[in-house]
Amino acid sequence: MSTSHSITADSVVEIKSVKASNLDAENAIRKLGPDSLMWRDFGTYLYQFILPQAFILQSAHPMVDRAVSVDKKYKLNPWGRAKDSLKLLWPVVYSKPQDAIDMGVRLRELHRSIKGTDSNGKKYHALDPEAYAFVHMTGYDALLRLYRYFSNHRLTPKERAMLFEEWKAMGTMLGIIDRSLPQTEAEYWERYNHILDNVLEKGPVLDDLLDPLFIYKNYPRPPKSKMPMPVWKAIALVWGYTQHKVIVGTLPEQFRTRIGLRYNKLDQLLFNSFAWTVRTFYPMLPEEKQYLPSIWRIVRDAREHPQAYQL
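Predicted, not measured: the structure shown is a model, and the values here were computed from it.

### Quick word on the overall build of the chain
Scanning the chain for helices and strands turns up 17 helices and 2 strands. The 311 residues of the chain split such that 48% are buried. Within the chain, residue pairs in contact and separated by at least 24 positions form 75% of the contacts whose partners lie at least 6 positions apart. Split by element, the accessible area of the chain, about 15800 Å² in all, is 56% carbon and sulfur.

### Points about the confidence of the model for the chain
Summing up the model confidence of the chain, the mean pLDDT is 87 and the portion of residues at 70 or higher is 89%. Ignoring residues within four places in sequence, the model shows residues 9–23, a span with pLDDT below 50, making 27 contacts including any to other chains.

### Details of unusual backbone geometry
Positioned with a positive phi, Lys 224 is a non-glycine residue whose angle comes to about 70°. Among the secondary structure elements, Lys 224 is positioned in the loop between helix H13 (214–218) and helix H14 (229–250). Classification of Lys 224 as exposed rests on a relative accessible area of 85%.

### Let's talk about the environment of Glu 287
Along the chain, Glu 287 turns up in the loop between helix H16 (265–281) and helix H17 (293–304). Among the residues examined, Glu 287 registers a relative accessible area of 35% and is labelled partly exposed. As a C-alpha pair, Glu 287 and Thr 44 span 243 residues in sequence and 9.6 Å in three-dimensional space.

### Observations regarding the packing of helix H9 (residues 129–150) against helix H10 (residues 157–173)
Across the interface, H9 lies against H10 with an axial gap of 10 Å and an inter-helix angle of 155°. It follows from the interaxial angle that H9 and H10 lie roughly antiparallel. The way H9 lies across H10 gives a crossing that is right-handed. The segment H9 lies against H10, with His 136, Met 137, Gly 139, Tyr 140, Leu 143 and Leu 144 engaging Arg 160, Leu 163, Phe 164, Trp 167, Met 170 and Gly 171. Taken together, the residues of the contact of H9 with H10 sort by class into 8 nonpolar, 3 polar and 1 charged.

### Side note on the environment of Ile 298
One can find Ile 298 in helix H17. Along the sequence, Ile 298 and Pro 91 sit 207 residues apart, while their C-alpha atoms lie 9.5 Å from each other. Other than its neighbours up to four places away in sequence, Ile 298 contacts Trp 39, Tyr 94, Ser 95 and Tyr 309.

### A look at helix H5 (residues 62–71)
Of all 10 residues making up H5, 8 are buried, and the element is well covered by its neighbours. Every buried residue of H5 is accounted for by Pro 62, Met 63, Val 64, Asp 65, Arg 66, Ala 67, Val 68 and Ser 69. Following H5 by one or two positions, Lys 72 adopts a phi angle in the positive range, close to 50°.

### Observations concerning H17
For H17, spanning 12 residues, the distance from its first C-alpha to its last is 17 Å, which sits close to the expected 16 Å at 1.5 Å a residue. Buried within H17 are the following residues: Ile 295, Trp 296, Val 299 and Ala 302. Summarising the axial view, the buried residues of H17 lie within an arc of 125°, below the 170-degree limit, and thus occupy one face. Where H17 is buried, its residues meet helix H3 (37–41) and helix H7 (78–88).

What counts as what
Residues numbered from 1 in each chain as written. Predicted model: local features only at pLDDT ≥ 70, side-chain atom pairs only at ≥ 80, totals over all residues. Heavy atoms only, no water. Helix = DSSP H or I, 4+ residues; strand = E, 2+ residues; numbered from the N terminus. Buried < 20%, exposed > 50% of the residue type's maximum accessible area, 1.4 Å probe, protein only. Contact = heavy atoms within 4.5 Å. Areas by Shrake-Rupley, 256 points an atom, 1.4 Å probe, with all protein chains shown as cover. pLDDT = per-residue confidence, 0-100. Axes fitted to C-alpha atoms, helices over the stretch in contact; angles between N-to-C directions. Parallel < 35°, antiparallel > 145°, perpendicular 65-115°, else oblique. Left-handed = near helix turned anticlockwise from the far one by under 90°. Nonpolar A, V, L, I, M, F, W, Y, C, P; charged D, E, K, R; others polar. Expected span 1.5 Å × (residues − 1). Arc of directions from axis to C-beta.

This is how it looks when you write it as structure tokens:
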């Protein structure tokens with residue numbers, strides 16, 4: 001199953017070419033404002049149900065596996081990693097236009113510094129063109145799966161086309177140049193399925209993340225929490241088991257087969273029951289409870305001051 005994957009000379013040239021001056025960022029940000037589908041969905045708790053499976057797919061890329069294996073932040077500081085993701089990625093969508101553009105540059109430059117050699121002597125670079133683009137590619141598939149499993153709304157062809165254009169716009173914000181970013185949905189699926197079928201593999205990071213006891217073993221109590229440790233351990237056990245089943249249920253079937261991940265009729269029943277529960281009760285929540293608190297503040301501010309969120 002192992003696939004050779006290394007940084008080529010062409011990759012180095014392309015990595016160096018990803019600069020803010022090459023971006024049509026102002027054009028892109030116009031597609032990601034308060035009227036966008038991305039704005040409506042990206043900062044909701046609903047998206048959090050689908051996000052872990054995207055991280056699994058990302059971590060199955062050999063280049064990402066090498067980079068993530070070095071600092072093991074997902075394991076040694078899971079709360080900090082989650083906080084950093086919210087602080088760095090979500091503002092590319094939920095910000096005033098210039099702030100969003102600046103955050104895209106900042107995030108891209110942060111990835112530029114993530115490079116080195118792993119314990120096996122293999123080089124890695126977070127801006128490796130295929131790996132960097134694939135990390136973003138998992139986001140479009142994840143959004144479609146969100147609608148498929150956890151939403152009562154069915155995307156119209158127009159909405160789906162709009163979502164794809166917004167996904168490309170966010171890729172532009174992140175500095176993914178055109179030749180690394182599929183320009184049509186047909187091209188997207190051809191490239192995405194090729195990577196799923198021929199590039200991804202089960203490495204050390206996936207061995208950790210696909211352990212049903214991963215959260216129970218590695219997550220300390222939430223910062224500043226004073227709940228008794230036995231209570232936290234019980235919560236972590238149920239949370240970890242549930243998240244594992246949701247991850248397995250939302251992963252592409254071809255990927256589950258490729259890495260030999262078990263998924264039987266009972267797993268399917270449990271997942272279908274969870275998805276039905278979400279579809280039934282999540283829409284009953286008040287709108288402000290459907291968003292992460294920090295995101296809801298931005299959403300509310302954009303409604304109160306719409307001009308501030310337009311170029």
